[in-house]
Amino acid sequence: MFPARRGWTVNIIGLLIAVAVAFPLYWMVLSALKPATALDAGDSTPWTLTPSFDSFARVLNVNNFGQYFLNSLIVALSVVVLSTLFAFLAAVAVTRYNFKMRTKLLIIILVAQMVPVEALTIPLFFLFRNFGETMPAIGLNHLGSLILVHVGFSIPFAIWMLRGFVAAVPLELEEAAKLDGASSFRFVRSVLFPLVAPGVVACSVFAFISTWNDFLFAKTFIISAQENSTLPMALLTFFKPDQNDWGAIMAGSVIMTIPVLIFFIAVQRKLVSGLAGAVKG
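What you are looking at is a predicted structure, and each value in this text was computed from that prediction instead of being measured. (Residues numbered from 1 in each chain as written. Predicted model: local features only at pLDDT ≥ 70, side-chain atom pairs only at ≥ 80, totals over all residues. Heavy atoms only, no water.)

Trainee: Break down the packing of helix H8 (residues 171-179) against helix H9 (residues 184-212) for me, citing the residues and quoting the values.
Mentor: Following both chains from N to C, one finds H8 and H9 inclined at 135°, their axes separated by 10 Å at the closest point. Taken together, H8 and H9 sit at an angle that is classed as oblique. Classified by chirality, the crossing of H9 by H8 is right-handed. Residues Leu173, Glu174, Ala177 and Lys178 of H8 touch H9, and the partners they reach there are Ser184, Phe187, Val191 and Leu195. Taken together, the residues of the contact of H8 with H9 break down into five nonpolar, one polar and two charged. (Axes fitted to C-alpha atoms, helices over the stretch in contact; angles between N-to-C directions. Helix = DSSP H or I, 4+ residues; strand = E, 2+ residues; numbered from the N terminus. Parallel < 35°, antiparallel > 145°, perpendicular 65-115°, else oblique. Left-handed = near helix turned anticlockwise from the far one by under 90°. Contact = heavy atoms within 4.5 Å. Nonpolar A, V, L, I, M, F, W, Y, C, P; charged D, E, K, R; others polar.)

Trainee: Outline the environment of Phe187, supporting the account with residue identities and numerical values.
Mentor: With respect to the helices, strands and loops of the structure, Phe187 is situated in helix H9. C-alpha separation for the pair Phe187 and Phe53, spaced 134 residues apart in sequence, amounts to 53 Å. Look past the residues within four positions of Phe187 in its chain and what remains in contact with it is Leu173, Glu174, Ala177 and Leu192.

Trainee: With reference to specific residues and values, describe the pattern of salt bridges.
Mentor: According to the stated counting rule, one finds three salt bridges in the structure shown. A salt bridge links Arg58 to Asp245, with the nearest nitrogen and oxygen atoms 2.9 Å apart. You can see Arg58 sitting in helix H3 (residues 54-60) and its partner Asp245 sitting in the loop between helix H11 (231-234) and helix H12 (246-280), a full 187 residues away along the chain. Here Glu174 and Arg96 are joined by a salt bridge, their closest N and O atoms 3.4 Å apart. One end of the pair, Glu174, is in helix H8; the other, Arg96, is in helix H4 (residues 65-96), with 78 residues separating them in the sequence. For Glu174, a relative accessible area of 12% gives the class buried. Salt bridges sharing partners connect three or more residues here, namely Arg96, Glu174 and Lys178. (Salt bridge = Lys/Arg side-chain N within 4 Å of Asp/Glu carboxyl O. Buried < 20%, exposed > 50% of the residue type's maximum accessible area, 1.4 Å probe, protein only.)

The structure is reproduced here in structure tokens:
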């Protein structure tokens, strides 16, 4: 009896947590579908009998909206590829090889994750301004600055996460591969990488979400080049001094959520196994 009651209790608690997590998403979609008159009147009913797509139309009609979307996609995918690649190679180095100051390097990587992003925004602004004088592609008003800064913030977390996956691969497996004539590069590419792929996928999800939703760096580094703005910047169009267009804001938020959901659904199986492996490691 008691195990059955405990099972029901766990299921109920899980259901309540799921509802609490999903309700803001539901309210966002509902607000995007409600007519503007209902939102202006403060309609708080959790449904709408007259759904409208006018809010989505206003968002899609924003000048250069397609370019904003493409810029966000370029930055996010570039960060995913670069950060996971560099983090994987770094995790292999700090786990499989002994070298001087390895422990100190790991401590530095750990400390780098503790520094608040807001505290580094101003120094990074001046740094990229100086970079722009010699390397315009990674200076202010260019997507390169956003890619570089997000790669820098994603790598420390990814290294620590992938380190556990790499360490879980037995050394005997590497020795057996070398006996079969495989070089170190061949072992890493053909044996080690497929084994730690779930961890790589998990890191890529976190990198994609943090980059896709970024507003602080996009607002700070893209000053005047509107053609290089990202999707979160498009939402600023609907924040007005007199009255905010909440319907369009919610519609834009829904549109921004769709790529994240697609990316998550595409890798969800690998993500679950990756998170489980990180806990074990």
